[in-house]
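Commentary on secondary and tertiary structure
Each chain, written out:
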Amino acid sequence: MGAAYDDRDGTIWMDGKLIPWRDANVHILTHAMHYASSVFEGERAYNGKIFKSRLHSERLHFSAGQLDFQIPWTVDEIEAAKQEVLTANGLTDAYVRAVAWRGAGEDMGVASAKNPVRLAIAAWEWGAYYGDAKMKGAKLDISKWKRPSPETIPSHAKAAGLYMICTLSKHAAEAKGCSDAMMFDYRGYVAEATGANIFFVKDGEVHTPLPDCFLNGLTRQTVVGMLKDRQIKVHERHIMPEELESFQQCWLTGTAAEVTPVGQIGDYNFEVGAIAREIAEGYEKLVRE
């Protein structure tokens, strides 16, 4: 096992300055800890360059706005801070985590308008999210939890609270020997995995759920563009559960997951086929350009 995330060497950017890793702490009465008033970004650096970096920083600001707070650092300042973190820690290939939250302040109820908004950026080495699944295909459970209606949550924000049911789903999946879980949305359509979007192949064409109540991931958008550049037809639509048995290939996309083929979802099996391999290999090249 690696070192615990609160007990490592290195530095973290926090509220405008670099501090020793072990000193990057918050008070127990931090509002975000009690009421999930927090947004974040997961990013990957390849050869010293963060893929889609500015889009991640812009989305962080968007997510904060969806949770009714404003980050007191500009996109340009966040971009500079991320590079500062990579340089300070001597990293070129790394996972980068930016997180903004309502801190401890005068308010400690549901309302928190008087509390300061804080920002931290950390980076560390992180290998393949699903281990060797890129070769043989990940095994997924089917979650009992559903992605909620956009009438109940800001579903297009990358907000910490929205991941609670993802944690529950992933824990249940791991207990069954799976890498992850696929989730349906509140209407019963196929939605996504716990931290990645999902794609399917049928007869040489690609089908992927319409992201109308969950995050339209930056990696997802990149892969849709890659498929269209290759003249592969992409259907962005609602997908019914009973359609799973008709698909031949499947893969997941996400900053952490990158492009990971899927071999099994519940009782449904998929091949790690030519399109899945081509997109996975093409993505590996693209992020290092």
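Heads up: these notes are all about the structure in this document. Please read all numbers here as calculations on a predicted model, not as lab measurements. (Residues numbered from 1 in each chain as written. Predicted model: local features only at pLDDT ≥ 70, side-chain atom pairs only at ≥ 80, totals over all residues. Heavy atoms only, no water.)

Quick look at the packing of helix α2 (residues 53-66) against helix α3 (residues 75-88) now. In contact at an axis separation of 9 Å, α2 and α3 are set at 125 degrees when each is read in the N-to-C sense. With respect to α3, the element α2 is oriented oblique. Here the hand of the crossing between α2 and α3 comes out right-handed. Contacts between α2 and α3 involve S53, R54, H56, S57, E58, L60 and H61 on the former and, on the latter, V75, D76, I78, E79 and K82. Here the residues of the contact of α2 with α3 sort into three nonpolar, four polar and five charged. (Axes fitted to C-alpha atoms, helices over the stretch in contact; angles between N-to-C directions. Helix = DSSP H or I, 4+ residues; strand = E, 2+ residues; numbered from the N terminus. Parallel < 35°, antiparallel > 145°, perpendicular 65-115°, else oblique. Left-handed = near helix turned anticlockwise from the far one by under 90°. Contact = heavy atoms within 4.5 Å. Nonpolar A, V, L, I, M, F, W, Y, C, P; charged D, E, K, R; others polar.)

Helix length check: helix α6 (residues 218-229) (twelve residues) gives 17 Å between terminal C-alpha atoms against 16 Å at 1.5 Å per residue, within 8%. Among the residues of α6, those classed as buried are L218, T219, R220, T222, V223, V224, M226 and L227. Q231 sits one or two residues past α6 and shows a positive phi near 60 degrees. (Expected span 1.5 Å × (residues − 1). Buried < 20%, exposed > 50% of the residue type's maximum accessible area, 1.4 Å probe, protein only.)

What follows is about the packing of α6 against helix α7 (residues 274-286). Between two packed helices, the angle of one axis relative to the other and the distance separating the axes together describe the packing. Where α6 contacts α7, the two axes come as close as 11 Å, and the packing angle between them is 115 degrees. Considering their axes alone, α6 and α7 lie roughly perpendicular with respect to each other. In the crossing of α6 with α7, the sense of the turn from one axis to the other is right-handed. Within the contact between the two elements, α6 uses T219, T222, V223, M226 and L227 and α7 uses I275, I279, G282, Y283 and L286.

This next bit is on the sheet that holds strand β3 (residues 38-46). Here six strands make up an open sheet; going across it, the order is β2-β1-β6-β5-β3-β4 and the pairing antiparallel. Edge positions in the sheet fall to β2 (17-20) and β4 (49-50), since each of these pairs with one other strand and no more. As paired strands, β3 and β4 are joined by two bridges and run antiparallel to one another. Across the sheet, residue A45 finds its bridge partner in β4, namely I50. (Pairing = 2+ DSSP bridges.)

This brings us to the pattern of salt bridges. All chains considered together, the criterion is met by 16 salt bridges. The shortest N-O distance in the salt bridge between K176 and D141 comes to 3.3 Å. Taken together, the residues span a long stretch of sequence, with K176 in the loop between α5 (164-175) and β8 (180-185) and D141 in strand β7 (residues 138-147) at a distance of 35 residues. Exposure remark for K176: the relative accessible area of 53% places this residue in the exposed category. Looking at D141, the relative accessible area reads 11%, which means it is buried. Where R220 meets E236, a salt bridge forms, and the shortest distance between an N and an O atom there is 2.8 Å. (Salt bridge = Lys/Arg side-chain N within 4 Å of Asp/Glu carboxyl O.)

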